[in-house]
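Structural characterization, general
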Amino acid sequence: MSRRGRYVLILLVGAIVLLSVLGWLVSLRTDYLWYDSVGYTTVFSTMMWTRLAMFGAFTLAMAAWCGLNLYLAYRFRPDTWPATSEQEGLERYRELISPKAGWWIGGVAIVVGVFAGMSAQSRWETWLLFREGGQFAWTDPVLDMNAGFYVFRLPFWQFLIGFGFAAVVVGILASLSAYYLYGALRFSGQGDRMTNVARIHLSVLVALFLGLKAVAYYFDRFDFTTQENPVTDIVGGGYTEMTALMNAKNALIWVSVIAAIVILIFSWGFTRSLALPAAALGLVVVTAIAAGGIYPAVVRNFQVEPNRPQREGEYAQHTMDGTRFAYGMEDLDTITYGVASQPNATAMSEDQSTVPFVRLIDPFVVSDAFTQAQQPRSFYDFNEKLDIDRYTYTEEDGTEVTQDFVVGLRELNPGQLTDEQQDWTVAHTVYTHGWGFVSASTTESDNGAPCFTSGVLSDDPGNCQIGNDIIDVEKPQIYYGLLNNEYAIVGVPEGDTPREYDRPTDVAVSDEDSDEDPAEEIGDDRYTTYEGEGGVEVGSVARRLLYAWEFQEPRFLLSDQINDESQLLYNRNVRERVQMVAPFLTVEADPYPAVVDGEIVWIVDGYTTTNEFPYSDRVNLADATNDTYSGQGVANQASEEINYIRSSVKAVVNAYDGSVKLYEFDEEDPILQAWNAIYGGDLIIPKEETPEALVDHFRYPQDMFKIQRSLLQRYHVDESRTFIEGGEAWATTNDPSQAQSVTQPAYYVYATYPEQEQPYFQLTSTFTPRNRENALASLMSGYYDENGDPRLTVYDVVGGDDQSVRQIHQIITSTPEVVTTLRDATQAGTTVEWGNLLALPVGDGILYLEPMYLRRQAGGQGEDLPRLTNVAISYGGYVGFAPTFEEAVAMVVEKYVSGAPSEAEQTEGEDGGESPSETPSETPTTEAPTTEAPGTTEPPEVEAAIESVLTAQQAYEEAQASGTNEEEGRALDALLAALDQLEAARAAAGE
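Residues numbered from 1 in each chain as written. Predicted model: local features only at pLDDT ≥ 70, side-chain atom pairs only at ≥ 80, totals over all residues. Heavy atoms only, no water.

In terms of regular secondary structure, the chain is built from 27 helices and 34 strands. Taken across its 991 residues, the chain has 53% of its residues classed as buried. By sequence separation, contacts in the chain at least 24 residues apart represent 69% of the contacts at least 6 residues apart. Of the accessible surface of the chain, which amounts to about 43600 Å², a share of 52% is contributed by carbon and sulfur atoms. (Helix = DSSP H or I, 4+ residues; strand = E, 2+ residues; numbered from the N terminus. Buried < 20%, exposed > 50% of the residue type's maximum accessible area, 1.4 Å probe, protein only. Contact = heavy atoms within 4.5 Å. Areas by Shrake-Rupley, 256 points an atom, 1.4 Å probe, with all protein chains shown as cover.)

This brings us to the packing of helix 22 (residues 805-814) against helix 23 (residues 816-827). Close contact between helix 22 and helix 23 brings their axes to 5 Å; oriented N to C, the two are set at 70°. Judged by the angle between their axes, helix 22 and helix 23 are roughly perpendicular. Taken together, the residues of helix 23 that come into contact with helix 22 (itself represented by Ile812, Thr813 and Ser814) are Pro816, Val818, Val819 and Leu822. A per-class count over the contact of helix 22 with helix 23 returns 5 nonpolar, 2 polar and no charged. (Axes fitted to C-alpha atoms, helices over the stretch in contact; angles between N-to-C directions. Parallel < 35°, antiparallel > 145°, perpendicular 65-115°, else oblique. Nonpolar A, V, L, I, M, F, W, Y, C, P; charged D, E, K, R; others polar.)

Further remarks concern the packing of aromatic side chains. Following the criterion strictly, the structure yields 61 aromatic pairs and no others. Aromatic ring contacts, followed pair by pair, group Phe58, Trp127, Phe130, Phe149, Tyr150, Phe156, Trp157, Phe159, Phe163, Tyr218, Phe219 and Phe222 into a single cluster. Here Lys475 stacks its cationic end above the ring of Tyr656, 4.7 Å away from the centre of that ring. (Phe/Tyr/Trp six-rings, centres within 6.5 Å; stacked < 30°, edge-to-face > 60°. Lys NZ or Arg CZ within 6 Å of the ring centre and 35° of its normal.)

The subject of this paragraph is the nonpolar core. In terms of nonpolar packing, the biggest core is built from 200 residues, with Met348, Leu662, Ile873 and Phe885 touching the most fellow members. Counting residues per element, this core draws most heavily on helix 27 (residues 965-988), which supplies 8 residues. Setting aside its immediate chain neighbours within four residues, Leu662 contacts Tyr40, Val581, Ala582, Val649, Lys650, Ala651, Leu683, Ile684 and Ile685. Counting residues in hydrophobic clusters, the runner-up holds 30 residues, among them Ile161, Ala174, Leu181 and Leu185. (Core = buried A, V, L, I, M, F, W, Y, C linked by side-chain atoms within 4.5 Å.)

Below, the discussion takes up empty space enclosed by the protein. In this structure the tally under the stated criterion is 5 cavities of 30 Å³ or more. One number sums up the size of the largest cavity: a volume of about 130 Å³. Around the largest cavity, the lining is made up of 16 residues, and of these Asp362, Tyr629, Asp735, Ser737 and Asn836 lie nearest the centre. Taken together, the residues that form the lining of the largest cavity break down as 7 nonpolar, 6 polar and 3 charged. Within this model, the second largest cavity holds a volume of roughly 70 Å³. Surrounding the second largest cavity, Arg359, Pro363, Lys385, Leu386, Asp387, Ile388, Tyr629, Arg699, Gln702, Ala746, Tyr747 and Tyr748 form its lining. Secondary structure elements with two or more residues in the lining of the second largest cavity: strand 5 (387-394) and strand 26 (747-751). Of the residues belonging to the lining of the second largest cavity, the class tally is 7 nonpolar, 1 polar and 4 charged. (1 Å grid on protein atoms, 1.4 Å probe; cavity = no way out; pocket = protein on both sides within 12 Å on 5 of 7 lines; lining within 4 Å. Points joined across faces, edges and corners; volume = space filled by probe spheres on them.)

Once that is clear, we can look at the confidence of the model for the chain. Fine structural detail should not be taken from predicted coordinates in areas where pLDDT scores are low. Overall, the predicted model of the chain reaches an average pLDDT of 86, with 90% of residues at or above 70. pLDDT under 50 marks residues 911-936. Its contacts with residues more than four places away, or in other chains, come to 38 contacts. (pLDDT = per-residue confidence, 0-100.)

With that out of the way, let us pick up the sheet that holds strand 12 (residues 488-490). The strand order 12-17-16 describes an open sheet built from 3 strands, whose pairing is antiparallel. Strands with a single pairing partner mark the edges of an open sheet, and in this sheet they are strand 12 and strand 16 (536-537). (Pairing = 2+ DSSP bridges.)

Reading across the sheet, the 4 strands line up as 5-6-9-10 and stay open at both edges, with antiparallel pairing between neighbours. Since the sheet does not close on itself, it has two edges, and those belong to strand 5 and strand 10 (449-454), each with one partner. Sheet twist, expressed as the average angle between the axes of neighbouring strands with direction ignored, equals 50°.

The next thing to look at is the pairing of strand 27 (residues 760-769). Across the 10 residues of strand 27, 9 count as buried, placing the element largely inside the fold. Pairing of strand 25 (residues 730-732) with strand 27, which is carried by 3 bridges, proceeds in the antiparallel orientation. Residue pairing across strands places Thr732 opposite Phe767, the latter belonging to strand 27. Inspection of the sheet shows strand 26 paired to strand 27 by 5 bridges, in the antiparallel sense. Its bridge partner lying in strand 27, Tyr747 is registered against Thr764.

Structure representation (structure tokens):
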């Protein structure tokens, strides 16, 4: 290459490096400005200074070590080297390096050190936790080490050991290279292949490697408590690990130490033969294979596998206890809930603790109805999945009522802006925010539409019994949420006309904006100016230049819309915002809005997690939290393994100014305590300082509940033998309303469960016995008690013959009334959508409730809007299906009182199952029957018709799951025809 070409190449490389460094510095500066805007510069500075310190310390250590080994090899090089062809080929390299050997040694050492430092700085969190970590209230029962050792200290020790191995390998490679270059080590020719100095130097390095291996074997023993046990398929060392493998590790420690000593002694000139050192190394390898591989395999296959419950019982019990502690289930309440064979259906009419609060409105289904009814402009939108929260309000007669509501925010959705509105200036300075907190009753509907109670764009309350202004909001503007993560430039000089679009004025609103808002009405629209402090000031030329580079947008410099009062709002997604100010937290996938003291806030559960807890089983975060809502209005969690979780923080993000506050929730979590200490001790607001008005809106965290639900499928049992054999294992229920196989979401209800003295806002789910998905095994409930403490309860359902929610859905959809409705909907081209199927303990039975929605075309807009048309319930096997919940209850009570056979009994008969054996001695009145109806034998014609119905029902379900609309319609017609044949056969038989 010519000299000019070299100069051009150097110039290009220098420019690329300069631009890369400059870009990194710009991002560093803008990150600092953002953290400063939210008041969390401590998080940024701690992270940066720790990473820099780790980089510097380990770069220096590796560079010094590498340089030392190179220097020693160069310093003790031979004065002459053999005249061989091999050495003659290396002569030109020696001539190049020798005149500037110091520079070469220093350069190589620095390059190696930089790579080591870059790797080490990524472990900054490991170091900080090592420094500040404390103790858990749990001790490993086998090795008698506190869990804090595994979570906080062991990872850093293992990192240091790994760094030590890397350093020794670097030393060996550097020394070998230098010795070979200068002839102290050669692979051909006569005489010694290695000088004495080279032998001593390299033998010391090999001995050091073996010494580190002995240390690694020592710490490897602790990994048994966090590794998978292949026999029981759980985490935690079992019989094989804690006997055979533990002894193998202990033996390998001593063998490695002996081998290191042998290499040191016999390589320092006592003998020139490498046979003994090689034998020492061979002994380590043989011991590792025999003691660490063959012997444990023999123990596992011939002692453990034939006697699993006896050999593994003790260790499985350790994992059972550790798992319950690690996932916050050590205080799990297990209550036996006795269900009558024929529960008294009149209890539904008399119940005042659960039935009055039964939720009819599904927050997942009605989002489109919210958008259609409460969308004054097309760019306003609601999240695909709304939320459930409870509020207390006063009725006209002065009665104070607590009730849950479907809630959502009318956010700005940038994806709905028109082409003209997506102009850079308009999109980022005019359409900056959403407007309004909207709520609707969960127990009422307005002719099938949501019964709105707050944030309503109308003065007409419709047919709702609840008023439309029960939740007072002072600042309805929504700058921070879930749908809009585009940056916004806000602020105008004092006295200038506001330019941020707020809302239309041609619609009435139930909660007016504050009179203090700087707003102006222009035509049919209202404009306002942001007055919060949650943005970064970008009025100066320097700031505009920074963000022009950061966002690669020159209009930051050219636009006259940016002035001295301008603020830049970015990172506006509330999950992302919490994650940035608290990077040690795993953030809840489904934040929910609440109105607290007139302000709209987002409440986000923050979890502390680790994958290093001893004797605790692992779950995959993504798999355990996946359900119908995942990816549809609810974020997907990362696919990572954890074996400890605590709901430690309640993060609160103000929807107007974006301020983030982290409130302590779990006062005893050592991980949270460690991180709070790392960041100066005042990052987390103490629990006792949490406002009472905010506490009223806390709810049992969903992701935590889902993970606990996933684990309780196996870990609900108390005996290790039962656990290992798996005979009482449960399964979570698939969502019966979905065609594909997906876990049914847990649902929030305001209800009173058995042994509860008052209604609680609780998260609930159901289990079925594994491999028996038609039966109900138990109910699960998580809630905060009157003291705000989390409670988790499992209700073992015994005594009755209750079906799973899947089976109930099949029974409901097989009843003639429902089948007729489905046929009419199909013929009308209307889509049927089933809402949440709730299972609630009421009286001495389980009340199942499933609302039916029909989706119709919205006038002129081509949108499918859900309308609640019917409510299906099942209680004691009786099915009620009517336009309202009260009518459905009345149907069930009437069937029960009249002594009619229940739909569940008819289904059992059709399925060929056993029928009850006794009959009431007299016609029941309002009292519950004490015995069951007798079994019957159907005539052959009826049995044949029943078989045809079952076949048609199965075909219809398969068409629902995977068929086209045409196939589903044909299957439904066949089912209806089969039902008509069954009715005709029974009529002919005189039934």
